[in-house]
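# An overview of the molecular structure
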Amino acid sequence: MSSSVHPPATVLPTAHRPATALSAAHRPAAVLLTALAPAAWGTTYIITTELLPPGHPLFAGLMRSLPAGLVGLALTRVLPRGDWWWKVVVLGLLNIGAMPLLFVSAERLPGGVAATLGAAQPLLVAGLALLVLRDRPTPWRLIWGVLGVVGVGLVVLGPDARLDAVGLLAGFCHTATMGAGVVLTRRWGRPPGVGPLALAGWQLTVGGLLLLPVTLAFEGVPERIDAGAAGGYLWLGSMGGLIAYTLWFRGIATLPVGAIGPLVLLSPLVATAIGVARGESLSPAQACGFALSLAALLAAQLNPPQRMRSAAPKTSAMTIAVLGATGTVGGRITAEAAARGHRVLALARKPASGHPAVTPVPLDAADPDAVRRALTDSGADAVVLALRTYPADEDFLVGATRTVLDTAAGLGIRVLVIGGAGALRTPGSPDLLLADNPAYVPAELRPVAAAGVAQLRACRTHAHPDWTYLSPPALLEPGARTARYRRGTDTLLTAPDGRSWISTEDLAAAAVDELEHPGTERHFTVVQAGPE
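Position labels on residues start from 1 in each chain and follow its written sequence. Only residues with pLDDT of 70 or above have their local features reported here, since the model is predicted, and side-chain atom pairs are shown and tallied only from 80 upward, although totals for entire chains, interfaces and linings are computed over all residues. Water and hydrogen atoms were dropped before computing side-chain values, which therefore reflect all heavy atoms in the structure.

## Here we look at the overall build of the protein
Rules: Numbering of helices and strands runs from the N terminus, with a helix taken as a DSSP run of H or I at least four residues long and a strand as a DSSP run of E at least two residues long. Relative accessible area decides the class of each residue, using a 1.4 Å probe on protein chains only: under 20% of the type maximum gives buried, over 50% gives exposed, and in between gives partly exposed. The method behind every accessible area is Shrake-Rupley, applied with a 1.4 Å probe, and residues are considered shielded solely by the protein chains displayed.
For the protein, the helix and strand inventory stands at 19 helices and 12 strands. Relative to its 532 residues, the protein shows a buried fraction of 54%. Surface summary for the protein: the accessible area is close to 21,900 Å², and the carbon and sulfur share equals 64%.

## Details of the pattern of salt bridges
How we decide: The term salt bridge refers to a side-chain nitrogen of Lys or Arg lying within 4 Å of a carboxyl oxygen of Asp or Glu.
All chains considered together, the criterion is met by 14 salt bridges. For D513, the salt bridge identified is with R340, shortest N-O distance 2.7 Å. Taken together, the residues span a long stretch of sequence, with D513 in helix α19 (residues 504–516) and R340 in the loop between α15 (328–339) and β2 (343–348) at a distance of 173 residues. R349 is paired through a salt bridge with D364; the nearest N and O atoms lie 2.9 Å apart. Linking R349 in the loop between β2 and β3 (358–362) with D364 in the loop between β3 and α16 (368–378), this pair joins segments that are 15 residues apart in sequence.

## Digging into the side chain of T407
For clarity, the cut-off: Only heavy atoms enter the contact rule, under which two residues are in contact if any of them lie within 4.5 Å.
Assignment of secondary structure puts T407 in helix α17 (residues 394–411). With sequence-adjacent residues up to four places away left out, T407 is seen in contact with R372, L375 and T376.

## Description of helix α18 (residues 446–460)
The criterion, for reference: Helix span, as expected, comes to 1.5 Å for every residue beyond the first.
Taking 1.5 Å of rise per residue, 15 residues should cover 21 Å, and α18 covers 21 Å from first to last C-alpha, within 8% of that figure. Those residues of α18 lying buried are V448, A449, A450, A451, G452, V453, A454, Q455, L456, R457, A458 and C459.

## A few points about the environment of L345
Its location among the elements puts L345 in strand β2. In sequence terms L345 and A357 are 12 residues apart; their C-alpha atoms lie 8.5 Å from each other. Ignoring anything within four residues of it in the chain, the contact list for L345 reads T319, I320, A321, V322, T359, V361 and S378.

## So, the packing of α15 against α19
Rules: Orientation is described by lines fitted to C-alpha atoms, with helices fitted over the stretch in contact, and by angles between N-to-C directions that extend from 0 to 180 degrees. In these notes the angle categories are as follows: under 35 degrees is roughly parallel, over 145 is roughly antiparallel, 65 to 115 is roughly perpendicular, and the rest is oblique. Here a crossing is called left-handed whenever its near helix is offset anticlockwise from the far helix by less than a right angle, and right-handed whenever the offset is clockwise.
Where α15 meets α19, the axes come as close as 8 Å, and the angle between the chain directions of the two elements is 55 degrees. Viewed along their axes, α15 and α19 adopt a mutual orientation that is oblique. The handedness of the crossing between α15 and α19 comes out as right-handed. Where α15 approaches α19, its residues T328, V329, R332, I333, E336 and A337 are matched on the opposing element by T504, E505, L507, A508, A509, A511 and V512.

## A few points about the packing of aromatic side chains
Short version of the rule: Aromatic rings from Phe, Tyr and Trp, with only the six-membered ring used for Trp, were paired whenever their centres fell within 6.5 Å, and each pair was classed as stacked if the ring planes differed by under 30 degrees, edge-to-face if by over 60, and tilted otherwise. Placement of a positive charge over a ring is assigned whenever Lys NZ or Arg CZ falls within 6 Å of the ring centre and within 35 degrees of the normal to the ring plane.
By the definition in use, this model includes five aromatic pairs. A network of ring pairs unites the aromatic residues W41, Y245, W248 and F249 as a single cluster. In this arrangement the basic side chain of K87 is found over the ring face of W84, its NZ or CZ atom lying 5.2 Å from the centre. The residue whose ring lies beneath R487 is F524, and the NZ or CZ to ring-centre distance is 3.7 Å.

## A look at the nonpolar core
Rules: In this text, buried Ala, Val, Leu, Ile, Met, Phe, Trp, Tyr and Cys residues form a nonpolar core when linked through side-chain atoms within 4.5 Å.
W41, W84, W202, Y245, W248 and F249 are the most contacted members of the largest nonpolar core, which has 38 residues in total. Counting only elements with at least two residues in this core, the list comes to α1 (27–41), α4 (84–97), α9 (165–188), α10 (196–218), α11 (227–254) and α14 (284–299). Excluding anything up to four places from it in sequence, F249 contacts N95, T185, R190, P196, L199, A200 and Q203.

## Observations concerning unusual backbone geometry
At R77, a residue that is not glycine, the phi angle is positive and equals roughly 55 degrees. One can find R77 in the loop between α3 (57–76) and α4. Positive phi, close to 60 degrees, is recorded for A483, a residue that is not glycine. On the secondary structure map, A483 appears in the loop between β9 (475–477) and β10 (485–487). Exposure remark for A483: the relative accessible area of 39% places this residue in the partly exposed category.

## Some points on the sheet that holds β2
Rules: Pairs of strands are assigned from DSSP output, requiring at least two bridges between the strands.
Strands sit in the order β3-β2-β1-β4-β5-β8-β12-β10 across an open sheet of eight strands; the sheet is mixed. Looking at which strands have only one partner, the edges of the open sheet turn out to be β3 and β10. Between one strand and the next, the sheet's axes are offset by a mean angle of 20 degrees, whatever the strand orientation. Pairing analysis gives five bridges linking β2 to β3, with the strands arranged parallel. Of the residues in β3, the one forming a bridge with V344 is V358. Lying on the sheet, α18 is in contact with β4 (382–385), β5 (414–418), β8 (467–471) and β12 (523–528); it crosses β8 at an angle near 160 degrees. α19 rests against β1 (319–323), β4, β5, β8, β10 and β12 of the sheet, and its axis sits at about 160 degrees to β5.

## Focus: the side chain of T43
Here T43 shows up in the loop between α1 and α2 (44–50). Apart from the residues within four sequence positions on either side, T43 is in contact with W235, V270 and I274.

## A few points about the confidence of the model for the protein
Quick reminder of the rule: Scored between 0 and 100, pLDDT is the confidence that the predictor attaches to each residue.
Across the protein, the average pLDDT comes to 79, with 79% of residues at or above 70. Per-element mean pLDDT across the protein ranges from 54 in helix α6 (residues 111–119) up to 96 in β4. Predicted confidence for residues 1–25 stays below pLDDT 50, and this span has 100 contacts to residues more than four positions away or in other chains. pLDDT under 50 marks residues 306–315. Its contacts with residues more than four places away, or in other chains, come to 21 contacts.

Here is the structure:
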């Protein structure tokens, strides 16, 4: 899978799922929608203590999950298939089935202690993401994660914060299960054609069914459910259940995992705001803690400060690692970089070198550990990811892209991804990707397009701040090297004669030009230019 294969004489597709390819312009809206979930969960403490019958945490968890899950199933009418049955059981247990632990914690601990335990979730998510997703947390997010816990502690911990052992254990276990649920939801994603509402309905139903026999065996139904309690259960099941989890799962699919965890800081902050609205006052230390927690939440949504990318030419020779160096495009980038005096590491399953500046490195791109070792030992200044499979293998392409980004982020080096043309916008119709335009992408190439969009989405949702995605024009094929091309942004370019074409040789020239003269765009394209 180390070759780069482009279908001849046609557009290289991208996606039929453009909505999930989150752009920088759309990210604030995605963050705000996702934040509604922990904001709703922040009302759990007051609902539990003021409206619900005491001593029934299992029943509260049941009422929050099962009715809402059944509503979700009725609305979507979609059931899991294949291995998604057991995945839903696991996710339902982690995200929903452990919910009574939250109510146990809320009943046995002061809200401040329980909230502080929940605020530690970003740190747990960071550790689990490193183990499961190989997503190395940045020092930026780790520091703000710690400051977020400190801030919440200043807000909600007081001299009367008694430490009940059962409550502490319940609160920690709930935080851990929710963190594991975030990471596994990100790892497994969603089945094709399944939206976040269906995924929420599945998990809420499974979680409710797991809670049903336990609730009946150990608690039963409260003797009296008055109007206030009924309203509390309705709120928890709707806004705190189906709606919140739908928004939460949607956010997990589109936002960086390091940005998801800190959003849970909203829960204690909302709980605090409710207390202030009811007449409570904040001490100076609490006000500082509130501001610190809010700053931590916002800072985690931003990329860490980075070096400004200079537009000046790179005059000294670089070491460039090319993953997919024997492919149609990767081979030409290798040759172009070597001809310009750069040292090139040709990473491929069966690399060959006919140039003294090219060092062949045998490598199976499907082996993430081998890719990490090769890049770590390479001493490279930049990595070019020039992998492409035909027929499409989306899982391989996305997995390899994430591995390269993870490793490059730890090493602090640039990544240039040679992607697909289908991720470009249609000229004159900016909301229509080429991948969804049958005038450019025939039906048989849609899977290749989907893989390209998924690859771009993996870049956009990754924490590494220094990557660039280069889309070829509609037609990419071998030809002469002229070094004459026109550069654009994320919209398909055409020549005066209406063609959207470039030779692989000139695409390679554009790629090495980008490495030597970094542009400001994260996503750009090129097209062949005529003689001057």
